[in-house]
Amino acid sequence: MSGEPTRRATLFGGLCLCCLPSLARSAEEVDGRFTLEEVAPQTFVRKGLHEDASAQNADAIANIGFIVGRDGVLVTETGGSLADGQWLRAEIAKRTDKPIRHVVLSHVHPDHCFGAAAFLEDKPNFIGHASLREALDARGAFYRERLEEILGKGRAGQVVYPTQAVKDGTEIDLGDRTLRFTAHGVAHTPCDLSMLDTASGLLFPADMLFVERVPSLDGSLNGWLKEIERLKGFGATRAVPGHGPVTVELAPALGDLSRYLTTLRDETRKAIAAGISIDKATETVARSERERWTLFDTYNGRNVTVAYKELEWE
Amino acid sequence: MRTIAAFAIGLALSAGPVLAAGAGDSDAEREARWGEIKQSVFKDRAVEKTDTLVSIDAPARALDAALVPITLTMPQKDRVKGVYLFIDDNPSPYAAHFEFGPAADPSEVKLRVRVNNYTNVHAVVETKDGKLHEAVKFVKASGGCSAPMGMSDEEAMRGMGEMRLKFGGDVKPGQPVEATLMVRHPNFSGMQMNQITRDYTPARYVQKLSVAYGDTPVFTLDGDISLATNPVINFALLPEGRGPIKVTASDNQGGRWEHSFDAPAVSN
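The structure displayed is predicted, hence computed values, not measured ones. Within each chain, residue numbers correspond to sequence positions counted from 1 in written order. By the order in which they are written, chains take letters starting at A while ligands take numbers starting at 1. Two thresholds apply to this predicted model, a pLDDT of at least 70 for residue-level local features and 80 or more for giving and counting side-chain atom pairs, whereas whole-chain, interface and lining totals are computed over all residues.

Novice: What am I meant to see in the UniProt feature "domain: Metallo-beta-lactamase" (unreviewed entry) in chain A here?
Specialist: UniProt positions are given in the numbering used here, feature names are shortened, and annotations may be inferred rather than shown by experiment. Listed under "domain: Metallo-beta-lactamase" (unreviewed entry) in the UniProt record, and renumbered for this structure, are residues 61-243 of chain A. Only runs of H or I of at least four residues qualify as helices and only runs of E of at least two qualify as strands under DSSP, and these elements are numbered from the N terminus. For the annotated span residues 61-243 of chain A, helix accounts for 27% and strand for 30% of the residues, and the straight-line distance between the end C-alpha atoms is 8 Å.

Right, here's the structure in full:
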């Protein structure tokens, strides 16, 4: 083995790696495209791209960030890849030398989870929904494999499991502020965890709130509409959505989301009742929403498929 | 550089990583694979290409690789004895075989399948004179057979064997009636990881589905692991029979379920 790496390095040295898209991008290159915004005192959020995962964007598509408390740092969302998580960790180090004590795993989707590996060396408390473990068991390896196909080998990051599982709700005290967590029923996914910063009043509903980018349904349509009502009852007026601007007014943002999901539900039910098959329904349901969301054409048809197979058994 | 659509948020892997297995196969390789499949199923029987006896409608790029809707249209319905569906690059390419009875109108059937790779999908019609005719459609999808169900095996098996039968439109005497048959069954492909034991959940799939109008057969369907979870079949039946519609389903692990549904009421 000893002579081999050198020879390979020499060989690769003769190639222009930057022209190979799957090898081109890394944390440093993610760096230049992003900035963190201080959305509340000591609360920083990076806006994700309205794109799908690609080698160029290192899956940096979700809103991620952190809160600096008296006793340490809490990471609100980890990012979509090892590189994305490493970028966030470096940004934290620029602003504070307090230890990273807590890392939130808001749900199972790769654009929120795969940055977690960047924080393993901090040995933080990884907090997640009680159903997150089994969701990661079922999907983690599968996601990782697909993500590596897109980003390149070794670039996805390993699957990280929660060390603290939240069944109903819990609180974390950072010394000068308390974060209140709620484990939701099946909604966007079967393992959505929301967080309320009681100091700033800012709600972090993660992907239970999409803004600008078309919502993606991977749990239960009826369940999501139910959990939206619950989010309204938390008393927050501003929120950090999983995708969209770094902060939004909560009520109108939930209003837009409800309108999309309700349209999806009502028109899918109508299609089922009229005997319109699933393939035809994907082309007709919720078209009135098309101009209101980015990536509509990429996700709406799939949302209809998920909604149809839930609602056809009603 | 094309980005990978529909991946990162949901399980929408179907839109297809560029590097998906099977994506780069040459036409010659695909042809050779189809030749092997034909040989193993039809032995030395000739299979003619057809543009008229059967056509396949499927999304060129699947929205959900674990639930790809397929429509088979067979306009010369009186000549049709049965139809086979193959997904060439699935681990088990033989996906379904319908054999139609006197109470069927085989001009259109719909079903939902899993697609594991970029693949050719073949339909082979067997006409009543015993001849075989093939049509093909290329589908881009990836990971449909191994895609996790997103729930525990126990949850996936809840209500197994439950069925619904719905009829569409006005029922006119002597006219075919559109019907949708829904069967609750996980149809485990054998490639899905059990989240508790971390072993693969053994394949458990609907092997046979029979529909009869009274005593008159509508169709029998031989299924395999490529049928999507909770199989749904759209078909048309002729109001030839008498009595209820009887549906029998059985799977490869000895499960057997029977349901009887009221025949559609005729409106004059």
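Back to the write-up after that little detour.
Novice: Would you mind showing me how to read the pairing of strand β5 (residues 94-100) of chain B here?
Specialist: A regular strand places its side chains on the two faces of the sheet in alternate fashion. Residue and element names in this part refer to chain B. Relative to β5, strand β4 (residues 80-87) runs antiparallel, the two sharing five bridges. Looking at the pairing, phenylalanine 86 lines up with tyrosine 94 of β5. Between β4 and β5, which pair antiparallel one after the other, the connecting turn spans six residues. Two strands qualify as a pair provided that DSSP identifies no fewer than 2 bridges between them. Sheet topology note: the β5/strand β12 (residues 216-223) ladder contains five bridges and is antiparallel. The residue of β12 that forms the bridge with phenylalanine 100 is phenylalanine 219.

Novice: Explanation requested: helix α8 (residues 250-273) of chain A in the structure shown.
Specialist: For an α-helix, the turn length of 3.6 residues means that residues three or four places apart are oriented alike. All names here are of chain A. End to end, α8 covers 34 Å across 24 residues, agreeing with the expected 34 Å (1.5 Å per residue, within 8%). When we look at burial in α8, the residues that qualify are Leu250, Ala253, Leu254, Leu257, Tyr260, Leu261, Leu264, Glu267, Thr268, Ala271 and Ile272. Note on contacts: residues are paired as contacts if their backbone-placed C-beta atoms lie within 7 Å. Taken together, the buried residues of α8 touch β11 (202-210), α7 (221-232), β12 (238-243), β13 (248-249), α9 (278-284) and α10 (296-311). Positive backbone phi, at 75°, marks glycine 275, one or two positions downstream of α8. Expected helix span is given by 1.5 Å per residue-to-residue step, counting one fewer step than there are residues. Partly exposed residues are those whose C-beta has more than 12 but fewer than 20 other C-beta atoms within 10 Å; with 20 or more the residue is buried, with 12 or fewer it is exposed, and the C-beta atoms are placed from the backbone.

Novice: Mind showing me how you'd approach the packing of α7 of chain A against α8 of chain A here?
Specialist: A pair of packed helices can be characterised by two numbers: the angle between their axes and the separation between those axes. Residues and elements named next belong to chain A. Think of each axis as a best-fit line through the C-alpha atoms, taken over the contacting stretch in the case of a helix, with angles from 0 to 180 degrees between the N-to-C directions. Where α7 meets α8, the closest approach of the two axes is 10 Å, and the angle between their N-to-C directions is 160°. The angle between the axes of α7 and α8 places the two elements in the roughly antiparallel class. Handedness of the crossing formed by α7 with α8: left-handed. Between α7, through Leu221, Trp224, Leu225, Ile228, Leu231 and Lys232, and α8, the contact on the second element is made entirely by Leu254, Leu257, Ser258, Leu261, Thr262, Leu264 and Arg265. Roughly parallel here means an angle under 35 degrees, roughly antiparallel means over 145, roughly perpendicular means 65 to 115, and every remaining angle is called oblique. Left-handed describes a crossing whose near helix is turned anticlockwise from the far helix through less than a right angle; right-handed describes the clockwise counterpart.

Novice: Which parts of the structure should I look at to understand the packing of α8 of chain A against α10 of chain A?
Specialist: All names here are of chain A. It is at 9 Å that the axes of α8 and α10 come closest, and there the two elements cross at 60°. Comparing their axes, α10 and α8 come out oblique. In this structure, α8 meets α10 at a crossing whose hand is right-handed. Touching Leu264, Arg265, Thr268, Arg269 and Ile272 of α8 are Asn303, Val304, Ala307, Tyr308 and Leu311, all from α10.

Novice: Help me understand α7 of chain A, please; the structure alone is not making it clear to me.
Specialist: Residue and element names in this part refer to chain A. Between its terminal C-alpha atoms α7 stretches 17 Å, which fits the 16 Å expected from twelve residues at 1.5 Å a residue. Within the span of α7, buried status applies to Leu221, Trp224, Glu227, Ile228 and Leu231. For α7, the buried positions fall inside an angular range of 115° around the axis, keeping them on one side. Along its buried surface, α7 packs onto β10 (193-197), β11, α8 and α10. Regarding the arc, it is the one traced by the directions from the helix axis to the C-beta atoms.

Novice: For this particular structure, what's the right way to read the sheet that holds strand β6 (residues 125-129) of chain A?
Specialist: Note on sheets: strands pair through backbone hydrogen bonds, and any given pair is parallel or antiparallel. All names here are of chain A. Ordered by their spatial adjacency, seven strands build an open sheet running β1-β2-β3-β4-β5-β6-β7, and the pairing between neighbours is mixed. Looking at the sheet topology across the chains shown, the edges are occupied by β1 (36-40) and β7 (164-166). For this sheet the average axis-to-axis angle between neighbouring strands, irrespective of direction, equals 25°. Bridge analysis of strand β5 (residues 100-105) against β6 gives four bridges, and the strand direction is parallel.

Novice: Just checking my understanding: could you explain the confidence of the model for chain B for this structure?
Specialist: The predicted structure's coordinates, where accompanied by low pLDDT, should not be read in detail. All names here are of chain B. Considering every residue of chain B, the mean pLDDT works out to 87; 88% of them sit at 70 or more. Mean pLDDT per element in chain B: helix α2 (residues 153-157) is the minimum at 83, and β4 is the maximum at 98. Per-residue confidence from the predictor is given as pLDDT, running between 0 and 100. Throughout residues 1-21 the model reports pLDDT below 50, and contacts reaching past four residues in sequence, or to other chains, amount to 73 contacts. Reported confidence for the predicted complex is 0.84 by ipTM and 0.86 by pTM.

Novice: Help me out: how do you make sense of the pairing of strand β11 (residues 206-213) of chain B in this one?
Specialist: All names here are of chain B. Here β11 pairs with strand β14 (residues 245-251) via seven bridges, running antiparallel. Residue pairing across strands places leucine 209 opposite alanine 249, the latter belonging to β14. Note that β11 and β12 share six bridges and pair antiparallel. Opposite tyrosine 213, over in β12, you have threonine 216 as the bridge partner. Hairpin connection between β11 and β12: a loop of two residues separates the two successive antiparallel strands, and glycine 214 in this loop has a positive phi of roughly 60°.

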